[in-house]
Amino acid sequence: MKKICSIISLVLISIFSSCSTDKTDVDVAAIAAPKNIDALFTIAQDNSGKVTITPTGEGITQFKVYYGDATADPALVNAGGNTAHTYLEGTYQVKVVGTNLNGQTAEVTLPLSVTFFAPTDLAVTITPITTNSLGFTVKATANFETAFLAYFGESPTETPVVFHEGDVISHIYPAAGNYTIKVVAITGGQASTQYTQIVTASTPTIIAMPLDFESTTLNYVFTNFGGTNTLVAANPHVTGIDVSSKVGALNKTGGAQTWAGSFIELSSPIDFSVMKKIKMKVWCPQTGIVVKMKLENFNDNTINSERDANVTTANGWQELTFDFTGISMANSYQRVVVFFDFGVAGNGTTYYFDDIKQSN
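First things first, this report covers the structure right here in the doc. (Residues numbered from 1 in each chain as written. Predicted model: local features only at pLDDT ≥ 70, side-chain atom pairs only at ≥ 80, totals over all residues. Heavy atoms only, no water.)

The final tally for this structure, using the stated rule, is 18 aromatic pairs. A ring pair is formed by Phe117 and Phe144, whose centres lie 5.0 Å apart and whose planes are at 70°; its orientation type is edge-to-face. Here Phe117 is found in the loop between β7 (105-114) and β8 (120-129), whereas its partner Phe144 is found in the loop between β9 (132-143) and β10 (147-151), with 27 residues between them in sequence. Residue Phe117 is classed as partly exposed on the basis of its relative accessible area of 28%. Overall, Phe144 belongs to the partly exposed group, its relative accessible area being 35%. Ring centres 6.1 Å apart and planes at 70° place the aromatic pair Phe136 and Tyr173 in the edge-to-face group. One end of the pair, Phe136, is in strand β9; the other, Tyr173, is in the loop between β12 (169-172) and β13 (177-186), and 37 residues separate them in sequence. An aromatic cluster is present here, built from Phe213, Tyr220, Phe222, Phe340, Tyr351 and Phe353 joined pairwise through their rings. The residue whose ring lies beneath Lys95 is Tyr66, and the NZ or CZ to ring-centre distance is 4.7 Å. The ring of Phe263 has Arg335 lying over it, and the distance from NZ or CZ to the ring centre is 4.4 Å. (Phe/Tyr/Trp six-rings, centres within 6.5 Å; stacked < 30°, edge-to-face > 60°. Helix = DSSP H or I, 4+ residues; strand = E, 2+ residues; numbered from the N terminus. Buried < 20%, exposed > 50% of the residue type's maximum accessible area, 1.4 Å probe, protein only. Lys NZ or Arg CZ within 6 Å of the ring centre and 35° of its normal.)

Next up, the structure:
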């Protein structure tokens, strides 16, 4: 039994002695200084400015990457890792500092150039505004752009309108003429792609109710018959229910026929599906006169419908209502005819009217 115990003791002493011999302290002071510091720059090819920086070197456990722009704090990157950063277009000095286990460092400063390329596949759609022939809408698409600039050609020093893909912008020109619209696709850098197109803006011809005669671009054309003369004039009676600046002025000249009147043609037929009445403000110098409104077909004036209203206010604005309930929906009416003091010959009086509109 003693012999067995002695053998076990010898084995245990041998094991502990062996373990003590295998445990070796690392000599940190003997670690080689870091060297061969470098970095791989991978620049995204999408004009985003994103750059992935992969630092390399020998004997390195951690890197500090200073981006070289306004970013103050460095990125900490472990050996074998990388860091991503978004740059504006430009040239930068990127500093990489490598540190080993005992705190020794080595560094290198590397130049980085970030350049954006011009956007591709620029497609611009310029469309006239149907309700105003002085206006156009613009939209655009492109690859690798960050935004678009629209110049409408009114001035060499104009400030462009900034818009993005999916936006539809509009512009109304102050006068008829030919203009060059330029759309520039930008990247956030120097490179850009542009498109130009000459457009023609014309005097608007869309005449529709309500007719308030206030537009500075619409051409309100009246056709006179029987001895009247109608035009758009400054409102001589800015008071009461009509304080607008422009009105229609109908002069029933001396000797004009009892049926003398004037008409204006709308750009499209009147829609009577919901609103059956038409209202009109009038100013007349006397009461008791008949104001007639007649609606005619654009191509055949024998297709028509008319209503009368009586003036009850002298020397003041009054709103008259012409009820066209029951008008034939099978016909279209695009011409609005007005008569003042219907049935009486003209004596040179001028009558004023304004705000012709549909109503319930």
